[in-house]
Amino acid sequence: MKIHHLNCGTIRPRMAGVLNPAMALMPCHCLLLEAGADLVLVDAGIGLADMAEPRRLGPMSLVLNLKQEPEETAVRQVERMGFAPGDVKHILCTHLDLDHAGGLADFPQARVHVMEAEHEACAHPGTAREKKRYRPCHFQHGPDWVTHQELSPEKWFGLDCIRDLPGLPPEIVLIPLPGHTRGHMGVAVKTGDAWLLHCGDAYDLRDEMLEGRRSPLTIRLFQHVAHMDHPGAMDRKEALKAVVRESGGTVTLMATHEPAEYEELSGKRLFG
Ligand SMILES: [Zn+2]
């Protein structure tokens, strides 16, 4: 399966660059998969409407300090590659936070796959804190939801997983990674003998995933605020490290906002 690496929105978190230079410019790293004649998007990034009016993102827009560049949206990139937006038949959302779901409205015909728990959290937030993660304007077009819950009997490198997704090839497997949000998940994609695992926001910078390395203080503070279930999210990170250790180099991890991973995997540079 051919994998394209797209940055669907450059965020320049205020103060982050001062506290940790690695966070000065962060992508919204989405994947575009060519699955036969169909296109599959992993995460939708920032959409056209939010690029035009970042205040739609609410108070978080002040923190994110989004680069207003409509050409970075998934839909514009799909068009530049010679495809039609309607060719995107499926979108797999790691979660529905405002920086991952804004692009959904640019592909109103696509089936949108999420964990059942994430759909529930978004539709019925349990707390004020949970409510402010999700922007109702991102879902007003009425996405064609496909929710997932039932785990497959066969694990994926020791992790719970969901295989045999309706309408999708077997090389795409969902990996529930709750913690950042109630129904956060990773998306594993097989190419040849290797796997790429889009980890969403399970981690932020790849240094966090090095054995024996403690996350930088700024990252630790940020994650205490950002994760709905912080201990759970830390457990998931350890489980992901174990996958890398035990896979013998066949699994590559990537996270949505990791700048160096995006530049390496896409062969492109980030510009603010
Ligand atoms: Zn995010």
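Refer to the preceding data block for the structure.
Residues numbered from 1 in each chain as written. Predicted model: local features only at pLDDT ≥ 70, side-chain atom pairs only at ≥ 80, totals over all residues. Heavy atoms only, no water.

A.B. asks: Sorry if this is basic, but what is going on with the sheet that holds strand β4 (residues 88-92) here?
C.D. replies: The strands making up a sheet associate through hydrogen bonds between their backbones, and the pairing can be parallel or antiparallel. In space, the six strands of this open sheet follow the order β1-β2-β3-β4-β5-β6, with mixed pairing throughout. Either end of the sheet is taken by a strand with one partner, and the two such strands are β1 (2-7) and β6 (144-148). Within this sheet the neighbouring strands show an average axis-to-axis angle of 25°, counted without direction. Note: strand β2 (residues 29-35) against strand β3 (residues 38-42), five bridges, orientation antiparallel. The partner of A35 across the bridge, within β3, is D38. Packing of helix α6 (residues 116-123) onto the sheet brings it into contact with β5 (111-115) and β6, and relative to β5 it is tilted by some 95°. Sitting on the sheet, helix α10 (residues 259-266) is in contact with β1 and β2, with an inclination near 135° to β1. (Pairing = 2+ DSSP bridges. Helix = DSSP H or I, 4+ residues; strand = E, 2+ residues; numbered from the N terminus. Axes fitted to C-alpha atoms, helices over the stretch in contact; angles between N-to-C directions. Contact = heavy atoms within 4.5 Å.)

A.B. asks: Even after reading the chapter, I still don't get the coordination of the zinc ion, so can you show me in this structure?
C.D. replies: Within the protein, the atoms that donate to the zinc ion are D99 (OD), H100 (NE2), D201 (OD) and H257 (NE2), at distances of 2.1 to 2.3 Å. For the zinc ion, the donor residues sit on a single chain with the sequence spacing D-H-x100-D-x55-H. With a gap of 56 residues between them, D201 in the loop between β9 (194-198) and α8 (217-226) and H257 in the loop between β10 (251-254) and α10 connect regions that are remote in the sequence. There is no split in this pair, since D201 and H257 are both buried. (Donors = N, O, S within 2.8 Å, 3.2 Å for Na, K, Ca; no water. Buried < 20%, exposed > 50% of the residue type's maximum accessible area, 1.4 Å probe, protein only.)

A.B. asks: Mind showing me how you'd approach the pattern of salt bridges here?
C.D. replies: Should the charged atoms of two oppositely charged side chains come close, the side chains can pair. Taken as a whole and judged by the stated rule, the model has 15 salt bridges. For E154, the salt bridge is made with R163, and the minimal N-O distance between the two is 3.9 Å. Among the residues examined, E154 registers a relative accessible area of 52% and is labelled exposed. Across the salt bridge formed by E211 and R245, the nearest N and O atoms sit 2.7 Å from each other. You can see E211 sitting in the loop between β9 and α8 and its partner R245 sitting in helix α9 (residues 230-246), a full 34 residues away along the chain. By relative accessible area, E211 is classed as partly exposed at 47%. (Salt bridge = Lys/Arg side-chain N within 4 Å of Asp/Glu carboxyl O.)

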